[in-house]
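Now for the letters of each chain:
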Amino acid sequence: QVQVVESGGGLVQAGGSLRLSCAASGTIFRFNAMGWYRQAPGKQRELVASITRGGNTNYADSVKGRFTISRGNAKNTVYLQMNSLKPEDTAVYYCTAGGVENGVVRGDYWGQGTQVTVSS
């Protein structure tokens, strides 16, 4: 079955950078889209960034200009480069893969999440 595994989370000071990585395995097919969601304590899960096979990207307004999503050369890999991090970026970040719905990744498969903590 499909497995989605994230890595790269951690603790960083405000203004710092982190790079999250994600790989989805267990299928011979290339997903039409992959992306990142996040969930902070007491808040709903929200879309952070999405990228399609064609390279179309979407970002949450709160991360535009600071985060960059990209697909790796290996099949079904995606990265999230996070710069100028703010305390409000603190959350569990989840990688997802699947089809496309309304122009963004449809969350067919999910990883377990990786914690990102930004200290002030």
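So, how was this worked out
- Residues numbered from 1 in each chain as written.
- Predicted model: local features only at pLDDT ≥ 70, side-chain atom pairs only at ≥ 80, totals over all residues.
- Heavy atoms only, no water.
- Core = buried A, V, L, I, M, F, W, Y, C linked by side-chain atoms within 4.5 Å.
- Buried < 20%, exposed > 50% of the residue type's maximum accessible area, 1.4 Å probe, protein only.
- Contact = heavy atoms within 4.5 Å.
- Disulfide = S-S within 2.5 Å.
- Helix = DSSP H or I, 4+ residues; strand = E, 2+ residues; numbered from the N terminus.
- Phe/Tyr/Trp six-rings, centres within 6.5 Å; stacked < 30°, edge-to-face > 60°.
- Lys NZ or Arg CZ within 6 Å of the ring centre and 35° of its normal.
- Pairing = 2+ DSSP bridges.
- Axes fitted to C-alpha atoms, helices over the stretch in contact; angles between N-to-C directions.
- Salt bridge = Lys/Arg side-chain N within 4 Å of Asp/Glu carboxyl O.

1. Some words on the nonpolar core
In terms of nonpolar packing, the biggest core is built from 28 residues, with W36, L80, M82 and Y93 touching the most fellow members. Aside from chain neighbours lying at most four places away, what touches Y93 is E6, L20, W36, Y37, R38, V48, F67, L80, M82, G113, T114 and V116.

2. Description of the state of the cysteines
Tallied over the full model, the rule gives 1 disulfide. A sulfur-sulfur distance of 2.0 Å marks the disulfide that ties C22 to C95. Disulfide C22-C95: torsion about the S-S bond near -85°, hence left-handed. Pair noted here: C22 is in strand β3 (residues 18-25) and C95 is in strand β9 (residues 91-98), with a separation of 73 residues, a long-range link. With respect to burial, C22 and C95 carry one shared label: buried.

3. Describing the packing of aromatic side chains
Applying the stated criterion across every chain yields a total of 2 aromatic pairs. Consider the rings of F31 and Y109, whose centres lie 5.6 Å apart with planes at 50°: the pair is tilted. With F31 in the loop between β3 and β4 (33-39) and Y109 in strand β12 (residues 109-110), this residue pair connects regions lying 78 residues apart in the sequence. In this structure, R19 is placed above the aromatic ring of Y79, and the distance from its NZ or CZ to the ring centre is 4.1 Å.

4. Structural notes on the sheet that holds β3
Spatial strand order, β1-β3-β8-β7: 4 strands in an open sheet with antiparallel pairing. Here the strands that pair on one side only, and so sit at the sheet edges, are β1 (3-7) and β7 (67-71). Between one strand and the next, the sheet's axes are offset by a mean angle of 15°, whatever the strand orientation. Relative to strand β8 (residues 77-82), β3 runs antiparallel, the two sharing 6 bridges. Within the sheet, the bridge partner assigned to R19 lies in β8 and is Q81.

5. Brief notes about unusual backbone geometry
Positive phi is not limited to glycine here, since N76 has a value of about 60°. Following the sequence through the fold, N76 ends up in the loop between β7 and β8.

6. Some details on the pairing of β1
Alternating residues of β1 divide into V4 and E6, all buried, and Q3, V5 and S7, none buried. Pairing geometry for β1 and β3, over 5 bridges, is antiparallel. Considered in β3, the bridge of S7 is made with S21.

7. What about the pattern of salt bridges?
Inspection of the entire model under this criterion finds 5 salt bridges. A salt bridge links R38 to D89, with the shortest nitrogen-to-oxygen separation between them at 3.0 Å. Residue R38 is found in strand β4, and its partner D89 is found in the loop between β8 and β9; the two are separated by 51 residues along the sequence. The partner of R66 in a salt bridge is D89, and the shortest N-O contact between them spans 2.8 Å. Residue R66 is located in the loop between β6 (57-59) and β7, and its partner D89 is located in the loop between β8 and β9; the two are separated by 23 residues in the primary sequence. For D89, a relative accessible area of 1% gives the class buried. It is possible to trace a salt-bridge network through shared partners that takes in R38, E46, R66 and D89.

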